[in-house]
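# Fold and geometry: a report
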Amino acid sequence: MTKKEIVKTISEEIGLTQLKTKEIVQKTFDAIVTTLVEEGRIELRNFGVFEVKKRAARKARNPRTGAKVDVDEKFVVTFKPGKEMEERVRQLEEKARQGRLESEQQAAGEQSPYSSPPQPSGETPDYGSPYSSQPNPPSHGDFGS
């Protein structure tokens, strides 16, 4: 979502013009940045905490050349979400998980008799590993010896 979309949504909900809403949204962002620069931290209840932290100097590597590069210390902005935001994201995560489970159950019900049974998540069938007790699968050249 862009700032323009935020402005449009808020202006429609409140009934203000987009121009006036844009001014308010921009002033809010400006206030957040000013507070971070002056105080180094801003806590917005039920939303989260923005904080300026110093990242130490370090040695890095240029991914193109592989050469070592010195990176100076610098200030970075971090964000830690508030409890309400974390809870809402967790609920979104659980809805997505539930949706995946339902679609997997539907797919299992429509499975072809010629397809292999579904494997547990993260597991692949082990055909003939020297450490496995399962037999090797027949190759295309094996027609019974």
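The present account deals with the structure reproduced in this document. As the structure is a prediction and not an experimental result, all values here were calculated from the model.

## Considerations on the overall build of the protein chain
What the protein chain contains, in helices and strands, is 3 helices and 5 strands. Scored against the burial criterion, the 145 residues of the protein chain give a buried share of 10%. Across the protein chain, contacts joining residues at least 24 apart in sequence account for 25% of those joining residues at least 6 apart.

## Quick notes on the pattern of salt bridges
Inspection of the entire model under this criterion finds 7 salt bridges. E43 is the partner of R41 in a salt bridge, and the nearest nitrogen-oxygen pair spans 3.2 Å. We note a salt bridge from R97 to E93, for which the minimum N-O separation is 3.7 Å. Here R97 and its partner E93 are both found in helix α3 (residues 83-109), 4 residues apart, which amounts to about one turn of the helix. Under the relative-accessibility criterion, R97 is labelled partly exposed at 39%. Owing to a relative accessible area of 45%, E93 belongs among the partly exposed residues under this scheme. Each of R41, E43, R45 and E51 takes part in a single network of salt bridges with overlapping partners.

## What to know about unusual backbone geometry
We note that N46 has phi near 65°; this positive angle belongs to a residue other than glycine. Checked against the element boundaries, N46 lands in the loop between β1 (41-44) and β2 (48-55).

## Comments concerning the environment of R41
By the secondary structure assignment, R41 is in strand β1. Once the C-alpha coordinates of R41 and E51 are considered, the two residues, 10 residues apart in sequence, prove to be 4.3 Å apart. In this structure, R41 is in contact with T35, L36, V49, F50 and E51, ignoring residues within four places of it in sequence.

## Details of the sheet that holds β1
Within the open sheet, the 3 strands sit side by side as β1-β2-β5. Their pairing is antiparallel. A single partner strand is all that each edge strand has here, and the edge strands are β1 and β5 (74-81). Each strand of the sheet is rotated relative to its neighbour by a mean of 20°, with strand direction disregarded. Bridge analysis of β1 against β2 gives 4 bridges, and the strand direction is antiparallel. When the sheet's bridge partners are listed, E43 is paired in β2 with V49. Helix-sheet contacts for helix α2 (residues 18-39) involve β1, β2 and β5, and the interaxial angle to β1 is about 135°.

## Description of a nonpolar patch on the surface
A cluster of nonpolar side chains, I10, I14, L16 and I24, forms an exposed patch at the surface whose accessible area comes to about 330 Å². Counting through the fold element by element, I14 comes out in helix α1 (residues 3-14). For I14, a relative accessible area of 58% puts it in the exposed group.

Cut-offs applied
Residues numbered from 1 in each chain as written. Predicted model: local features only at pLDDT ≥ 70, side-chain atom pairs only at ≥ 80, totals over all residues. Heavy atoms only, no water. Helix = DSSP H or I, 4+ residues; strand = E, 2+ residues; numbered from the N terminus. Buried < 20%, exposed > 50% of the residue type's maximum accessible area, 1.4 Å probe, protein only. Contact = heavy atoms within 4.5 Å. Salt bridge = Lys/Arg side-chain N within 4 Å of Asp/Glu carboxyl O. Pairing = 2+ DSSP bridges. Axes fitted to C-alpha atoms, helices over the stretch in contact; angles between N-to-C directions. Patch = residues over 30% accessible without salt bridge, like charges linked within 9 Å, V, L, I, M, F, W, Y side chains within 5 Å. Areas by Shrake-Rupley, 256 points an atom, 1.4 Å probe, with all protein chains shown as cover.

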